[in-house]
Amino acid sequence: MSRSADEIRKRIAKRKKERQPTQSQSPRKGKGQPNFYVRDEERFGVAPFDTYEGGGGSNQHPLFQKEWFMFKILGAACLLLIIAIMFKDGSSRFDSARHFVNKAMESEFQFAAVTEWYEDQFGRPLALLPTTIDKETPAGNAPNYALPVLSTKILENFEKNGQGIMIETTGNNSQAEAIYEGTVEYIGTKPEVGGITVIIQHSDGTESWYGNLEKTDVLLYDYIEKGTKIGTVTNNSDGVNGMFYFAIKKGDSFIDPIQVINFE
């Protein structure tokens with residue numbers, strides 16, 4: 001009789017223990033409290049979602065795969081080694097591959113085109129100051145170029161050198177301005193131009209050259225608007241007027257600036 005009573009008491013104790021909520025099921029830590037906490041997923045009959053809260057044993061973010069990252073590094077190292085072997089080996093069988101690598105390394109990165117694509121896809125990036133970039137030109141039409149500088153006359157036309165034109169500016173300390181929005185891709189000296197030369201890359205694939213400058217007001221890789229001051233034109237020896245070099249390049253060839261800009 002006592003044996004069956006002990007078994008009944010054990011069964012009752014076991015059932016009470018099963019009814020008590022576990023620590024993961026209830027936000028309360030007290031024993032014997034009913035489980036009133038039900039997650040939204042369980043309420044609507046959906047299995048609970050697992051969340052990543054960090055602090056796990058591996059200390060690795062689930063979006064970061066160490067093996068894949070190491071594979072990318074190894075692949076880049078192998079590619080660099082293969083290119084080095086091609087250039088070290090003077091065999092003619094690698095001529096086409098070497099030409100492709102040289103062309104890829106020498107090509108200018110299209111900063112302006114990428115910037116325009118980003119703005120079309122995602123809008124203007126966050127800026128602390130308001131911008132007034134001209135976007136009135138319809139797509140597919142030629143840009144409305146501004147005058148690069150106030151001039152009195154053209155001293156040397158495009159046919160003279162096949163690259164650009166020389167302009168006599170009005171007064172000394174004349175300011176050269178950007179004909180269209182773009183990215184400054186070069187600031188330096190070119191022997192065939194004289195003075196300081198600034199090259200701006202535009203989104204339509206053209207480049208505008210501003211040469212024979214005494215000083216510049218822009219920095220390399222600046223994204224500038226149309227009409228932004230590029231720099232100060234070098235004065236002539238008479239101290240009355242200045243001399244300014246201007247050119248427009250499309251791809252690998254120069255075009256006559258007079259055909260796209262009215263200097264009159």
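Not measured: the values here are computed from a predicted model.

**Brief notes about the packing of aromatic side chains**
Right, on to step 1. Evaluated as defined, the whole model comprises six aromatic pairs.
Right, on to step 2. Considering the side-chain rings of Trp209 and Phe254, the 5.1 Å spacing of their centres and the 75° angle between planes classify their relative orientation as edge-to-face. On the criterion of sequence distance, the pair formed by Trp209 in strand β6 (residues 206-216) and Phe254 in strand β10 (residues 253-255) is long-range, its members being 45 residues apart.
Right, on to step 3. Phe254 gets classed as buried once you look at its relative accessible area, which sits at 17%.
Right, on to step 4. Clustering of aromatic rings is evident, with ring pairs tying together Tyr210, Phe244 and Phe246.

**Comments concerning unusual backbone geometry**
Residues apart from glycine generally show negative phi values, whereas peptide bonds are mostly found in trans.
Right, on to step 1. In this model, Asn173 sits at a positive phi of 55°, which is unusual for a non-glycine residue.
Right, on to step 2. Following the sequence through the fold, Asn173 ends up in the loop between β2 (164-169) and β3 (175-177).
Right, on to step 3. Looking at Asn173, the relative accessible area reads 46%, which means it is partly exposed.
Right, on to step 4. The backbone of Tyr221 sits at a positive phi, close to 70°, despite the residue not being glycine.
Right, on to step 5. Along the polypeptide, Tyr221 turns up in the loop between β6 and β7 (223-224).

**As for the confidence of the model for the protein**
Right, on to step 1. Confidence along the protein averages 76 in pLDDT terms, with 66% of residues attaining 70 or more.
Right, on to step 2. Taking the mean pLDDT of every element in the protein, the minimum, 53, falls on helix α2 (residues 40-43) and the maximum, 95, on strand β5 (residues 196-201).
Right, on to step 3. Across residues 126-140, where pLDDT falls below 50, the model places 16 contacts with residues more than four positions away in sequence or in other chains.

**Looking at the nonpolar core**
Right, on to step 1. Counting 30 residues, the largest nonpolar core has Ile179, Ile200, Tyr210, Leu213, Ile230, Phe244 and Phe246 as its most contacted members.
Right, on to step 2. Looking at this core, the elements that each hand over two or more residues are β2, β5, β6, β8 (229-235) and β9 (242-250).
Right, on to step 3. Of all the elements, β9 adds the most residues to this core, at five residues.
Right, on to step 4. Look past the residues within four positions of Phe244 in its chain and what remains in contact with it is Pro148, Val149, Ile165, Met166, Ile167, Thr169, Ala176, Tyr210, Gly211, Asn212, Leu213 and Val233.

**A look at the side chain of Lys249**
Right, on to step 1. Relative to the assigned elements, Lys249 resides in strand β9.
Right, on to step 2. One buried charged residue, Lys249, forms no salt bridge at all, with the nearest opposite charge on Glu207 at 4.8 Å.
Right, on to step 3. Residues in contact with Lys249, not counting those within four places in the same chain, are Gly205, Thr206, Glu207, Trp209 and Phe254.

Parameters and conventions
Residues numbered from 1 in each chain as written. Predicted model: local features only at pLDDT ≥ 70, side-chain atom pairs only at ≥ 80, totals over all residues. Heavy atoms only, no water. Phe/Tyr/Trp six-rings, centres within 6.5 Å; stacked < 30°, edge-to-face > 60°. Helix = DSSP H or I, 4+ residues; strand = E, 2+ residues; numbered from the N terminus. Buried < 20%, exposed > 50% of the residue type's maximum accessible area, 1.4 Å probe, protein only. pLDDT = per-residue confidence, 0-100. Contact = heavy atoms within 4.5 Å. Core = buried A, V, L, I, M, F, W, Y, C linked by side-chain atoms within 4.5 Å. Lys, Arg positive; Asp, Glu negative; His and termini not counted. Salt bridge = Lys/Arg side-chain N within 4 Å of Asp/Glu carboxyl O.

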